[in-house]
Amino acid sequence: MTDTTGVIADLTAEAAEVDALVADLPEDAWDTPTPAPGWRVRHQIGHLAFIFRIAGLAAAQPEAFKQLTASLTGGLDVAVEAALQEYIHDPAEALLTRWRAERDAGIKALAAVPGDQLVPWLVNPLPPYVLACAGMMELFGHGQDVADALGVRPVRTDRIKHLCGFAVRVRDFGYEARGLTPPAEEFRYELTGPSGAVWTFGPPDAAQRIVGGAEDFCLLVTRRRHHTDLDVRAEGARAQEWLDIAQAYRGPAGEGRQPGQFAR
């Protein structure tokens, strides 16, 4: 897809939803623990600020981004943890201001990239549409952690279709993170969006199928809920296996969430 107008608008709107969660929080609430072990609300927002910062750098100054990533030692996880230290010690007002500035600059830079041009990224260069979808994944997952910490239920819209399509595209990340060989066969996905629209991906006659609510599918692939607590079901042995390992991001899976932790 070369037209990024829609995904940029949706990315902007999703970022505003995350912003609304923390805009009026008192200082002490920024230290509320989130479901991610060791991470408080300020960690989640600091992480998002950093991600948008480096996305903006990749889009606006690709050579500087390449130099930055080439200088990283210890892997991405170590770099992300080190970057967090630049944010989490700030007073809430300063962190909020920084998140907004780096978010807006990152989105603006990404929007300026022609749709048919590749943007350098952490492993492979990506089209701006795909990188924007990855940003949607970050906002969904870390925003959910903040919402869970504050006892808020986010109102989802059909904007999450971008994340659903991205998760289908990166289906194999869960296998790769565990040293497993991904199956050669494609899966079929049939997901019902918040509006009631049904979104389908993959061949209609595939034996391996994932069916369910799109919001729950996004909670699954961001590992913010255990699959037994979700309206997502699998047909076929390989699809059932995938429910246990699904993730829409590279690298270690993390602890995820336990069965029943967020049972409805």
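Rules of the game
Residues numbered from 1 in each chain as written. Predicted model: local features only at pLDDT ≥ 70, side-chain atom pairs only at ≥ 80, totals over all residues. Heavy atoms only, no water. Helix = DSSP H or I, 4+ residues; strand = E, 2+ residues; numbered from the N terminus. Core = buried A, V, L, I, M, F, W, Y, C linked by side-chain atoms within 4.5 Å. Buried < 20%, exposed > 50% of the residue type's maximum accessible area, 1.4 Å probe, protein only. Contact = heavy atoms within 4.5 Å. Pairing = 2+ DSSP bridges. Axes fitted to C-alpha atoms, helices over the stretch in contact; angles between N-to-C directions.

A.B. asks: Just checking my understanding: could you explain the environment of alanine 206 for this structure?
C.D. replies: Of note, alanine 206 is situated in the loop between strand E2 (198-201) and strand E3 (209-213). Taking the C-alpha atoms as reference points, alanine 206 and aspartate 31, 175 residues apart in sequence, are found 46 Å from one another.

A.B. asks: Looking at this model, I keep getting lost on the nonpolar core. Mind explaining?
C.D. replies: The tendency in soluble globular proteins is for nonpolar side chains to be buried as a group. Trp99, Ile210, Phe217 and Trp242 are the most contacted members of the largest nonpolar core, which has 77 residues in total. Residues in contact with isoleucine 210, not counting those within four places in the same chain, are Phe187, Arg188, Tyr189, Glu190, Leu191, Phe217, Val232, Arg233, Ala234, Ala239, Trp242 and Leu243.

A.B. asks: Would you mind showing me how to read the sheet that holds E2 here?
C.D. replies: Hydrogen bonding along the main chain pairs the strands of a sheet, whether they run parallel or antiparallel. In space, the four strands of this open sheet follow the order E2-E1-E3-E4, with mixed pairing throughout. Every interior strand has two partners, whereas the edge strands, E2 and strand E4 (232-235), have only one. In this sheet, adjacent strand axes meet at a mean angle of 10° when their direction is disregarded. Pairing of E3 with E4, which is carried by four bridges, proceeds in the antiparallel orientation. Counterpart to isoleucine 210 in the pairing with E4 is alanine 234. Packing of helix H9 (residues 214-221) onto the sheet brings it into contact with strand E1 (188-192), E2, E3 and E4, and relative to E3 it is tilted by some 115°. Where helix H10 (residues 237-245) meets the sheet, its contacts fall on E1, E3 and E4, and the angle it forms with E4 comes to roughly 145°.

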